[in-house]
2 protein chains.
Amino acid sequence: MTRSILAGIDVGGSKIAVLLTDLALRPIARRVVATGVGDPAAAVGQVADAVEVALHEVGRRTDELAAVGIGVPGRVEPDTGVVTLAVNLGWHEVALGAGLADRFGVPVAVENDVKAAAAGLASRDQTAGIADLAYLGIGTGISAGVVLGGRLYRGSRGLAGEIGHVVLQADGPVCQCGLRGCFEAIASGRGISELAEAAVRADVARPDGAVLATTLHAKGRLTAADVYAAAAAGDVAALAIVEGAGRAVARAVHLLVMTYDLQTVFLGGGVTGAGALFRDPVLQGLDALRDRSPLAREALGPDVVRVLPPDADAGAWGAVVLARTAAGPVHETPISGEPSRPAVAADQPRRR
Amino acid sequence: MTRSILAGIDVGGSKIAVLLTDLALRPIARRVVATGVGDPAAAVGQVADAVEVALHEVGRRTDELAAVGIGVPGRVEPDTGVVTLAVNLGWHEVALGAGLADRFGVPVAVENDVKAAAAGLASRDQTAGIADLAYLGIGTGISAGVVLGGRLYRGSRGLAGEIGHVVLQADGPVCQCGLRGCFEAIASGRGISELAEAAVRADVARPDGAVLATTLHAKGRLTAADVYAAAAAGDVAALAIVEGAGRAVARAVHLLVMTYDLQTVFLGGGVTGAGALFRDPVLQGLDALRDRSPLAREALGPDVVRVLPPDADAGAWGAVVLARTAAGPVHETPISGEPSRPAVAADQPRRR
């Protein structure tokens, strides 16, 4: 038996994505289970089953696994593999790492999903030469994973990159966290939905922009995708919301660059899948900053933002990179034709 | 001859401060020359003269110098000792490090003043156990020096911590940099002056707050100190400006903590010398964030902010710590009774 397969798992609110690679990070298989993880007691089994099915589909065995990496949308203790709090999953103090290690008998690395994605990006060919980057995950919530000098930067409490709850507009909408005008309240999927529902309730939708109201009345609620669709159909209130979200993303990119001196901020997560209606207001917002300020122009290089394609699998890739680190140095021998750079940023998160 | 004296120099717009210590950072002498540095050609001479006078005043000789560190309010290249741009000094591409090294024949470290102050704070007894901190310098302008894991973090372009030009209020006052609503436009000495002058021009000052107008008419301009004095005298417009500045500082501290996961932000610089009128709005702003959000409460510990006393000499201390690093490892032997910790954060800034 050769333990030669890495499994990277990205756990979301409504799906489990599994990516299998060899030790040089060459893809073997990808599987997405479109089901939410259930209660914590069942979660380890659900995740492990998804890995086993993915292995069996390509004729590989569980005992070929070398290591497992898993990204979870919440706060984790990488040292213990415990998910301390994952609000959207309903998890509190779940020993995910220990459970998976018991099941598979291999090392397991557990990390926050966005931090995992950032670590993964730092190890990909496309980011060669970018030592300082962030992955800004814009989904139901918003947070950033930050890589400095090629290594994932967590901070002493794992709070680094929690910019979803930085206040961008002191008199802005109330955020789930309790503050007003958080980045997340303006630009996350949840924030966009809530702003749109509030706009309909406030009757902001005018005759040339009644799409939001119609959708809300038909469905009883609005998703961010609904809001982008309404904006595409010319709904004025929806357009104002998605443009406000884009300007907020531009300001957050500027903020990340000015605080961390980053070279590139990668944008991913469900909301970024809205295409040009997501991307253009962000790029316009960055241009507006560059136009007004020479310092902003210097800080915000032409490639400062990259919107990841929907199939970028940043979370699963990040998890597989964590798995490679957990597997240990056995794979350090260079492999000819290797598609990925194994040396960079596979380091463990900083331990304190 | 024993080269056993370190010189730390803090160059400001209107003064040169020199701190002399032994190799264990025990103070020997301090001298402040209340004169602005002149044109770049004369600056090396002025700075060197200030060091020599400080030495001679305590009966020490120039050839006892082991190394010199110098902090400058502007952008520097630590590797070459060149000050690339110091707007307030009128300097552009000044080879300060080489000039001082020629004059004294010892290693010279050149750094941005705020970054130097941060590095210095990280090496002091009072910060033992604080590995992640920032020094937020609030003077004519605003910027932060950031220490992560005990080491000064500069970023690849030296822009790290340039949060004076992060936008806090999209429709706020126009900043010198060209953007609207920068932190610096709201809370720096220059920003406070300009807001106060604009308030008088806009006739915002009411009968119960005409102090600003009287001062402006008498002096022709307003300093930040004038605005704090007017606030102390009950001027309503001045109070609104200093309270707005304090809330902005609280938001910036929150922003720094949420991005970098810092433990403590030290506040220094001329504006912080206004005492309770500076400090209280900052603390109230932090309390308001803590009151509304459990996440903010967790992130912003009770000691998250420390206002440095006016005599803290953060800049000169930082420069002397840089000098110790430049002097090399000769002083690493522990000295009994040593008042400072010599091991931490004396590392050179990250080289790229």
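Remember, predicted model here, so these are calculated numbers, not experimental data. (Residues numbered from 1 in each chain as written. Chains lettered and ligands numbered in written order. Predicted model: local features only at pLDDT ≥ 70, side-chain atom pairs only at ≥ 80, totals over all residues.)

Trainee: Can you break down the overall build of chain A residue by residue, with the values?
Mentor: Check the secondary structure of chain A and you find 11 helices and 13 strands. Seen along its three principal axes, the alpha-carbon backbone of chain A occupies a region of about 65 × 50 × 35 Å. With 352 residues in all, chain A has 56% of them scored as buried. (Helix = DSSP H or I, 4+ residues; strand = E, 2+ residues; numbered from the N terminus. Buried ≥ 20, exposed ≤ 12 C-beta atoms within 10 Å, placed from the backbone.)

Trainee: An account of the interface of chain B and chain A is requested, with residue identities and associated values reported.
Mentor: Contacts between chain B and chain A engage 35 residues on the former and 35 residues on the latter. Elements that contribute at least two residues to the side of chain B that touches chain A include exactly α8 (236–260), α9 (276–292) and α10 (294–299) of chain B. Ranked by residue count, the leading element in the side of chain B that touches chain A is α8 of chain B, at six residues. Here the side of chain B that touches chain A is composed, by residue class, of 17 nonpolar, 11 polar and seven charged. (Contact = placed C-beta atoms within 7 Å. Nonpolar A, V, L, I, M, F, W, Y, C, P; charged D, E, K, R; others polar.)

Trainee: So what's going on with the relation of the copies chain B and chain A? Which residues, and what values?
Mentor: Here chain B sits on chain A after a turn of 180 degrees about the axis and a move of 0.0 Å along it, with an RMSD of 0.0 Å. The transformation just described matches what one would write down for a two-fold rotation axis. In this assembly, 100% of the residues forming the interface of chain B have copies in chain A that are likewise at the interface, indicating an isologous arrangement. (Least-squares fit on C-alpha atoms with pLDDT ≥ 70 in both.)

Trainee: Would you mind going over the domain arrangement of chain A in detail, with residue names and values included?
Mentor: According to the domain assignment, chain A contains domain 1 (5–123 + 311–331) and domain 2 (162–262 + 270–307). For domain 1 of chain A and domain 2 of chain A, the distance between their C-alpha centroids amounts to 31 Å. (Domains from an automatic or database assignment.)

Trainee: Go over the pairing of strand β10 (residues 142–148) of chain A, please, and point to the residues and values.
Mentor: Residue and element names in this part refer to chain A. Most of β10 sits inside the fold, with seven of its seven residues counted as buried. Residues of β10 alternate between two faces, with Ile-142, Ala-144, Val-146 and Leu-148 on one and Ser-143, Gly-145 and Val-147 on the opposite face, all of them buried. In textbook terms, the turn of a hairpin is the stretch between consecutive antiparallel strands, and for strand β9 (residues 133–138) and β10 this stretch comprises three residues. Direction of pairing for β10 relative to strand β11 (residues 151–153): antiparallel, over a ladder of three bridges. (Pairing = 2+ DSSP bridges.)

Trainee: Please give an account of unusual backbone geometry that cites residues and values.
Mentor: Residues and elements named next belong to chain B. A positive phi angle, near 55 degrees, is found at Glu-93, a position not held by glycine. For Glu-93, a count of 10 C-beta atoms within 10 Å gives the class exposed. Even without being glycine, Asp-313 reaches a positive phi, approximately 55 degrees. Checked against the element boundaries, Asp-313 lands in the loop between β13 (305–307) and α11 (314–327). For Asp-313, a count of 22 C-beta atoms within 10 Å translates into the label buried.

Trainee: Go over the packing of helix α5 (residues 189–201) of chain B against α8 of chain B with me, naming the residues and quoting the values.
Mentor: Packed helix pairs are characterised by how far apart their axes lie and by the angle those axes make with each other. Residues and elements named next belong to chain B. Across the interface, α5 lies against α8 with an axial gap of 10 Å and an inter-helix angle of 150 degrees. Taken together, the axes of α5 and α8 are roughly antiparallel relative to one another. The way α5 lies across α8 gives a crossing that is right-handed. In this structure, α5 contributes Ile-192, Leu-195, Ala-196 and Ala-199 to the contact, and α8 contributes Ala-237, Ala-238, Ile-241 and Ala-245. When the residues that make up the contact of α5 with α8 are grouped by side-chain class, the tally is eight nonpolar, no polar and no charged. (Axes fitted to C-alpha atoms, helices over the stretch in contact; angles between N-to-C directions. Parallel < 35°, antiparallel > 145°, perpendicular 65-115°, else oblique. Left-handed = near helix turned anticlockwise from the far one by under 90°.)

Trainee: Describe the sheet that holds strand β12 (residues 264–268) of chain B, naming the residues involved and giving the relevant values.
Mentor: Residues and elements named next belong to chain B. Reading across from one edge, β11-β10-β9-β12-β13 is the order of the five strands in this open sheet, with mixed pairing throughout. Of all strands in the sheet, those bounded by a partner on one side alone are β11 (151–153) and β13. Across the sheet, the mean angle from the axis of one strand to that of its neighbour is 25 degrees, orientation sign disregarded.

Trainee: Could you give an account of the pairing of strand β10 (residues 142–148) of chain B, naming the residues involved and the relevant values?
Mentor: Residues and elements named next belong to chain B. Relative to β10, strand β9 (residues 133–138) is paired through six bridges, and the arrangement is antiparallel. Each residue of the ladder has a partner; that of Ile-138, found in β10, is Ile-142. Hairpin remark: β10 followed by β11, antiparallel, with two residues in the connecting loop; positive phi at Gly-149, about 60 degrees.

Trainee: Could you give an account of helix α6 (residues 211–219) of chain B, with specific residues and numbers?
Mentor: Residues and elements named next belong to chain B. By the burial criterion, the buried members of α6 are Val-211, Leu-212, Ala-213, Thr-215 and Leu-216. Buried positions along α6 lie against α5, α7 (224–232) and α8. Following α6 by one or two positions, Gly-220 adopts a phi angle in the positive range, close to 85 degrees.

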